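Structural description and commentary
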Amino acid sequence: LNTMHRDLESRGLSVVGVSTYDGADGVRDFWKDIKQDYTVLLGDRGVESSFAVAGLPTTFILDREGRIRARIVGERNRGAFEAAVKPLLDEPATAKLADK
């Protein structure tokens, strides 16, 4: 995800992680080890309930308007993520988002 974020950011991809198990110290330690280029937010178990997360990791693919377009449960390789993401990156931005 880190490399894909860097490679596709210019096309509009934003990767945002959410940690519901580790506190701020755990996320910082992970950043030191992995050198994340994307933002990681801290959540709680309520986030998992709100989004009906059944297993970790769970990845939600959102379109440019913030709608969930895909949900991937479990680990996947980059090709699987790109297959879900690239068609959305090719969709035109709405006028509302283009004006921001």
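Residues numbered from 1 in each chain as written. Predicted model: local features only at pLDDT ≥ 70, side-chain atom pairs only at ≥ 80, totals over all residues. Heavy atoms only, no water.

As a further point, take the overall build of the protein chain. Along the protein chain, the regular secondary structure elements total 5 helices and 4 strands. Of the regular secondary structure in the protein chain, the N- to C-terminal order runs α-β-α-β-α-β-β-α-α. Oriented by its inertia axes, the alpha-carbon framework of the protein chain measures out at about 40 × 30 × 30 Å. Counting every position in the protein chain, which comprises 100 residues, the buried fraction comes to 25%. A fraction of 45% describes how many contacts in the protein chain between residues 6 or more apart in sequence connect residues 24 or more apart. (Helix = DSSP H or I, 4+ residues; strand = E, 2+ residues; numbered from the N terminus. Buried < 20%, exposed > 50% of the residue type's maximum accessible area, 1.4 Å probe, protein only. Contact = heavy atoms within 4.5 Å.)

Applying the stated criterion across every chain yields a total of 1 aromatic pair. On the numbers, 5.5 Å between centres and 55° between planes, the contact of phenylalanine 51 with phenylalanine 60 is tilted. Of the residues examined, phenylalanine 51 reaches a relative accessible area of 42% and is grouped as partly exposed. (Phe/Tyr/Trp six-rings, centres within 6.5 Å; stacked < 30°, edge-to-face > 60°.)

The biggest cluster of nonpolar side chains holds 13 residues, and the ones touching the most others in it are Met4, Leu8, Leu13, Ile61, Val85 and Leu89. Not counting the four nearest positions on each side in its chain, isoleucine 61 is found in contact with Arg67, Ile68, Arg69, Ala70, Ile72, Ala84, Val85 and Leu88. (Core = buried A, V, L, I, M, F, W, Y, C linked by side-chain atoms within 4.5 Å.)

What follows concerns the side chain of aspartate 63. Position of aspartate 63 among the secondary structure elements: in the loop between strand E3 (58–62) and strand E4 (68–73). Within polar-contact distance, the side chain of aspartate 63 engages the backbone nitrogen of glutamate 65 at 2.9 Å. Contact partners of aspartate 63, with chain neighbours within four places excluded, come to Arg69 and Leu88. (Polar contact = N/O pair within 3.5 Å; in protein donor to acceptor, adjacent residues only side chain to side chain.)

Quick look at the pairing of E4 now. Where E3 meets E4, 5 bridges bridge the pair, whose relative direction is antiparallel. In the sheet register, threonine 59 faces E4, and the bridge partner there is isoleucine 72. (Pairing = 2+ DSSP bridges.)

The next thing to look at is the pattern of salt bridges. Enumeration according to the criterion identifies 11 salt bridges in this entry. Here arginine 28 ties to aspartate 25 by a salt bridge, and the two come within 2.9 Å at their closest N and O atoms. You can see arginine 28 and its partner aspartate 25 sitting in helix H2 (residues 24–34), 3 residues apart, about one turn around the helix. By relative accessible area, which is 44% here, arginine 28 ends up partly exposed. The network of salt bridges with shared partners includes Asp63, Glu65, Arg67, Arg69 and Glu91. (Salt bridge = Lys/Arg side-chain N within 4 Å of Asp/Glu carboxyl O.)

For the rest of this paragraph, the subject is the environment of tryptophan 31. Residue placement: tryptophan 31 occurs in helix H2. Taking relative accessible area as the criterion, tryptophan 31 reaches 35% and is therefore assigned partly exposed. Beyond its immediate chain neighbours, meaning those up to four positions away, tryptophan 31 contacts Gln36, Tyr38 and Val40.

By the secondary structure assignment, glycine 26 is in helix H2. The spacing of glycine 26 and arginine 6 is 20 residues in sequence and 23 Å in space, taken between C-alpha atoms.

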